[in-house]
Amino acid sequence: MLRESCAHGRMSLSLGWKSSSLLCWLSTAALLSSGLEGAKAMKVTSMGLQAIQKAAGDSMILNCSYTPGPLDTGELDIEWSVVSPDSTQKDQMLLSYGSSTQYQHDDRPLSGGLSFAAGDPSKGDASLLIDQLSPAHSATYQCKVKKLPGVDMQKTSLVVMVKPSVPECWLQGEQLFGEDVSLHCQSAKGSTPLRYTWRRESMGPMPAAATQNSVTGELRLSNLSQSFAGTYLCEVNNAVGAQRCRINLKANKPPNRTGVIVGTLVGSLLLIFILLVFLVLLYWKLRNRLYNEKEFSNEIREDALPPDRRSVSVYSGRTSSGPPSVPYSEVYTDDASPFDEGSTRTPPSSSHDTPVKHTALKNDSKYGFAV
């Protein structure tokens, strides 16, 4: 085609020989240049998605396949790195291959558990294997393959998420006819966003009056009736997993309120009666205690000993100018011989010959001495 174009230029009468030769050389140069561009192109392809979400604990292969061009004759160089979110910072090198040798960059926190998925990455497969995923592996990874003059690269975004834990289901409110109740569902672990969904497993479809919140995991049931009873299931899920819990809802008749009121009243009266009995017993006990203390004091005073001895002289007669004489008798204490009741004794010195009759003395508690 090039020859025909040049020959056609020579035969043209409107153009000179120099102009025809220049046009021929320009066309040849353009064709050669386009041929070289197509021959040297290194092509890297990714077999997976550009943005991947995986669960923590799983293994993951980031695909990176490459095809060198016919003019790519330089040394093969493969690099896996984490792209820095800050364009002013260097990328974090993880794994590389060159001169038929694999290099593990152990000084990097993410390099542990990383390796080439293929035994020999020089065969066109430079995919990266991550043995144990963790949330720290969430990043943008770059696969770069260079074989001069060809160079190409591919980026893949990886998001590692934690599966939701088994949720806890519980109920708030009384399971009685006419009452409002709420069913709750909550998962303690899991990467956000978490979505909660309630459904009825038995006794028919979900009640029309039921309302649920997919973010908080709450299901509200108003004006409870027997048709609401049954087993309800809550499912929590995110992009990498799901877990469930169940709860059984009952609808009971309310208790007899009249009986409850009567029972409460009877119980209150019984409590008041017991309290009054306790107060009466306490008063009676205190009263007896005071009485016993008073009696004990009187007994102590009665048991007091009489004076040791008291002498009394006996006189009789009346004077003309003074009051009548008072008869006195001599009293003896324990050291003297006591008188027997009804016995007679003549005083040692007396002007009268009439014998005197003595009676036994008694202790008078009123005056505190013998009379």
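Right above here is the structure, for reference.
Notes on the structure in this doc start here. What you see is a predicted model, and the numbers here were worked out from it, not measured in a lab. (Residues numbered from 1 in each chain as written. Predicted model: local features only at pLDDT ≥ 70, side-chain atom pairs only at ≥ 80, totals over all residues. Heavy atoms only, no water.)

Section: the sheet that holds strand 12 (residues 168-172)
How we decide: Here the rule is simple: two strands pair whenever DSSP picks up at least two bridges between them. By definition, any uninterrupted DSSP run of H or I lasting at least four residues is a helix, any uninterrupted run of E lasting at least two residues is a strand, and each is numbered from the N terminus. Note on definitions: angles span 0 to 180 degrees between N-to-C directions of axes, and those axes are lines fitted to C-alpha atoms, for helices only across the stretch in contact.
The 4 strands lie next to each other as 12-13-16-15, forming an open sheet whose pairing is antiparallel. Looking at strand neighbours, the two that pair on one side only are strand 12 and strand 15 (211-213), the edges of this open sheet. Strand-to-strand twist of the sheet, defined as the mean angle between neighbouring strand axes without regard to direction, takes the value 15°.

Observations concerning the environment of glycine 113
Just so we agree on the cut-off: We call two residues in contact when some of their heavy atoms are within 4.5 Å.
Tracing the backbone shows glycine 113 in the loop between strand 7 (101-104) and strand 8 (114-116). In sequence terms glycine 113 and leucine 133 are 20 residues apart; their C-alpha atoms lie 8.9 Å from each other. With sequence-adjacent residues up to four places away left out, glycine 113 is seen in contact with Leu129, Ile130 and Asp131.

Looking at the nonpolar core
Note the threshold: Definition used in this section: a nonpolar core is a set of buried Ala, Val, Leu, Ile, Met, Phe, Trp, Tyr and Cys residues joined via side-chain atoms within 4.5 Å. Relative accessible area decides the class of each residue, using a 1.4 Å probe on protein chains only: under 20% of the type maximum gives buried, over 50% gives exposed, and in between gives partly exposed.
Judged by nonpolar contacts, the single largest core of 26 residues is most densely connected at Trp80, Tyr141 and Val145. For this core, the secondary-structure elements that each account for two or more residues are strand 3 (60-62), strand 5 (76-82), strand 6 (92-98), strand 8, strand 9 (128-130), strand 10 (139-147) and strand 11 (150-161). Discounting chain neighbours no more than four positions away, the residues touching valine 145 are Met42, Val44, Cys64, Tyr66, Leu76, Asp77, Ile78, Gly150, Val151 and Asp152.

Details of the packing of aromatic side chains
The geometry of an aromatic ring pair is captured by the separation of the ring centres together with the interplanar angle, meaning the angle of the planes. Counted only if it meets this: Two aromatic rings, drawn from Phe, Tyr or Trp (for Trp, its six-membered ring), form a pair once their centres lie within 6.5 Å of each other, and the interplanar angle then sorts them: stacked below 30 degrees, edge-to-face above 60, tilted otherwise.
Under the counting rule described, the total for this entry stands at 1 aromatic pair. Between the aromatic rings of tyrosine 97 and phenylalanine 116, the centroid separation amounts to 6.5 Å while the plane-to-plane angle is 85°, which identifies the pairing as edge-to-face. Pair noted here: tyrosine 97 is in strand 6 and phenylalanine 116 is in strand 8, with a separation of 19 residues, a long-range link. Residues tyrosine 97 and phenylalanine 116 agree in their burial class; the two are buried.

Some details on the sheet that holds strand 14 (residues 195-200)
Read from one edge to the other, the open sheet built from 3 strands follows the order 14-17-18, with strand pairing classed as antiparallel. Every interior strand has two partners, whereas the edge strands, strand 14 and strand 18 (241-249), have only one. Ignoring strand direction, the axes of neighbouring strands in this sheet form an average angle of 20°. Of the strand pairs in this sheet, strand 17 (residues 230-238) and strand 18 are connected by 9 bridges, and their pairing is antiparallel.

Re the side chain of serine 127
Condition: By the criterion applied in these results, polar contacts are pairs of N or O atoms within 3.5 Å in which, for protein atoms, one can donate a hydrogen and the other can accept it, and in which residues neighboring in sequence qualify only through two side-chain atoms.
In this fold, serine 127 is placed in the loop between strand 8 and strand 9. In this structure the side chain of serine 127 is engaged in a polar contact, spanning 3.1 Å, whose partner is the backbone nitrogen of cysteine 64. Within polar-contact distance, the side chain of serine 127 engages the side chain of aspartate 125 at 2.7 Å. Ignoring any residue separated from it by four or fewer positions in sequence, one finds serine 127 in contact with Ile61, Leu62, Asn63, Cys64, Trp80, Ser115, Phe116 and Ala117.

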